[in-house]
Amino acid sequence: MGHLLDPKTMNEINGDDETELGLRAVRLANYITFPMVFKAAIELGVIDALYLAARDDVNGSGSFLKPSEIATRLPTPPSNPEAPVLLDRMLRLLASYSMVKCQIVDGERVYKAEPICKYFLRYNIEEMGTLASQFILELDSVFLNTWAQLKDVVLEGGDAFARANGGLKLFDYMGTDERLSKLFNRTGFSVGVMQKFLEVYKGFEGINVLVDVGGGVGNTLGFVTSKYPNIKGINFDLTCALAQAPSYPNVEHVAGDMFVEIPRGDAIILKRMLHDWNDEDCAKILTQLSGGKERTKAEYEAMAANSGFASCKFVCPAYHLRVIEFSK
Ligand SMILES: C[S@@+](CC[C@H](N)C(=O)[O-])C[C@H]1O[C@@H](n2cnc3c(N)ncnc32)[C@H](O)[C@@H]1O
């Protein structure tokens, strides 16, 4: 980077607009550094350490930490003597993305968590859940290898995940990789979404049997039945997803393939399902939802709107959450 001209000289050569554009281009060319540095900071527990310092700071003076203080607060204390220097570099970068605040105190840089950090805590410090596991998952080598297929998928077609993973589609592959499956099924942000959802949604009153199709480890139904103990929840998912499912009161885990058959209930939940599926997959599951009768996606949407076989009681588009109640 030593050959880069300083902004003043660049201004003289190019004018302000060109400098601005050039700086944006340099930032884009180095863009990979932000997600990778942020991922490492989450994994090391740096974000948790800064967040706790800010949260527990009663008089407002102790919420900024030196990199050497952060190093002593990590769950795995570093054996590398250079760790504070490396942490300092990482945090400077995170400060430039407004994830942390940086100040100079007695000639030394100190850092404080910005409010957004609470969404990326590694451990469940706050009840609202966290996006940290999702962020770590999306940068896992299995998914990075999948992204690397994008160019060739555009040119040649095919399924990016299968191309990168020995011909297996995502959920078939999941059955062969326990590490990835565990990472995938972590509770994550669902906790916060469900808490908010149950505050506003009253449609579960009067429901006896509720089926969560593709419910993962069952935490969604666990939330619902803790608030509505009269409901019997059926958490329906593939055998590999249920392998790590804990038990919840009034929730039965049922293994199966939604393209073959879906357990019957008074209503079903679809959460984080269908949103990025291809038309063929959507048509298959909608066929199952309508009791085996062939329906197209458009027909299903029309039926949902007109309260035909089912009515879409609540949709939370930001989190792809739908509750569908079957007409009696
Ligand atoms: C994106 S996850 C959503 C999990 C859960 N609904 C949530 O919101 O956390 C998709 C789920 O669909 C399940 N799934 C995929 N294909 C399935 C199939 N053919 N039959 C049943 N479940 C399936 C996966 O195992 C996974 O748990």
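Here the structure is a predicted model, which is why all the values come from computation and not from measurement. (Residues numbered from 1 in each chain as written. Predicted model: local features only at pLDDT ≥ 70, side-chain atom pairs only at ≥ 80, totals over all residues.)

Here the protein is partitioned into domain 1 (7-120), domain 2 (140-184) and domain 3 (190-326). Between the C-alpha centres of domain 1 and domain 2 the distance comes to 32 Å. (Domains from an automatic or database assignment.)

Taken together, 14 residues are adjacent to the ligand, and Gly214, Gly216, Ala241, Met258 and Lys271 come closest. Looking at the shell around the ligand residue by residue, the class counts come to 6 nonpolar, 4 polar and 4 charged. (Near = placed C-beta within 6 Å. Nonpolar A, V, L, I, M, F, W, Y, C, P; charged D, E, K, R; others polar.)

For serine 98, which is not glycine, the phi dihedral falls at a positive 60°. The residue serine 98 is located in the loop between helix H6 (83-96) and strand E1 (100-105) in this model. By the C-beta count within 10 Å, which is 9 here, serine 98 ends up exposed. (Helix = DSSP H or I, 4+ residues; strand = E, 2+ residues; numbered from the N terminus. Buried ≥ 20, exposed ≤ 12 C-beta atoms within 10 Å, placed from the backbone.)

The buried fraction of strand E4 (residues 232-237) amounts to 5 of the 6 residues, a majority that puts the element mostly inside the structure. As defined by bridge partners, strand E3 (residues 209-213) adjoins E4 across 5 bridges and the pair is classed as parallel. Looking at the pairing, valine 213 lines up with phenylalanine 236 of E4. The parallel pair E3 and E4 is bridged by helix H14 (residues 219-227), and the resulting crossover is right-handed. Alignment of E4 against strand E5 (residues 251-255), held across 5 bridges, turns out to be parallel. (Pairing = 2+ DSSP bridges. Right-handed = clockwise from strand over helix to strand, strands pointing away.)

Here the focus is the environment of serine 247. Relative to the helices and strands, serine 247 is located in the loop between helix H15 (239-242) and E5. With 9 C-beta atoms packed within 10 Å, serine 247 lands in the exposed category.

Our next topic: the environment of asparagine 145. For asparagine 145, the position within the fold is in helix H8 (residues 141-147). In the structure, asparagine 145 is positioned 20 residues away from asparagine 165 in sequence and 8.3 Å away in space, judged by C-alpha atoms.

To continue, consider the pairing of E1. With 6 bridges joining them, E1 and strand E2 (residues 108-113) adopt antiparallel strand pairing. Bridge assignment links valine 100 to a residue of E2, and that residue is alanine 113. The turn joining E1 and E2, which pair antiparallel and follow one another in sequence, is formed by 2 residues; a positive phi near 50° is taken by aspartate 106.

For the rest of this paragraph, the subject is the packing of helix H3 (residues 33-44) against H6. As a packed pair, H3 and H6 sit with axes 10 Å apart at the nearest point and diverge in direction by 120°. The angle between H3 and H6 places the two elements in the oblique class. The interaxial crossing formed by H3 with H6 has left-handed handedness. Taken together, the residues of H6 that come into contact with H3 (itself represented by Thr33, Phe34, Val37, Phe38, Ala40 and Ala41) are Met90, Leu93 and Leu94. (Axes fitted to C-alpha atoms, helices over the stretch in contact; angles between N-to-C directions. Parallel < 35°, antiparallel > 145°, perpendicular 65-115°, else oblique. Left-handed = near helix turned anticlockwise from the far one by under 90°. Contact = placed C-beta atoms within 7 Å.)

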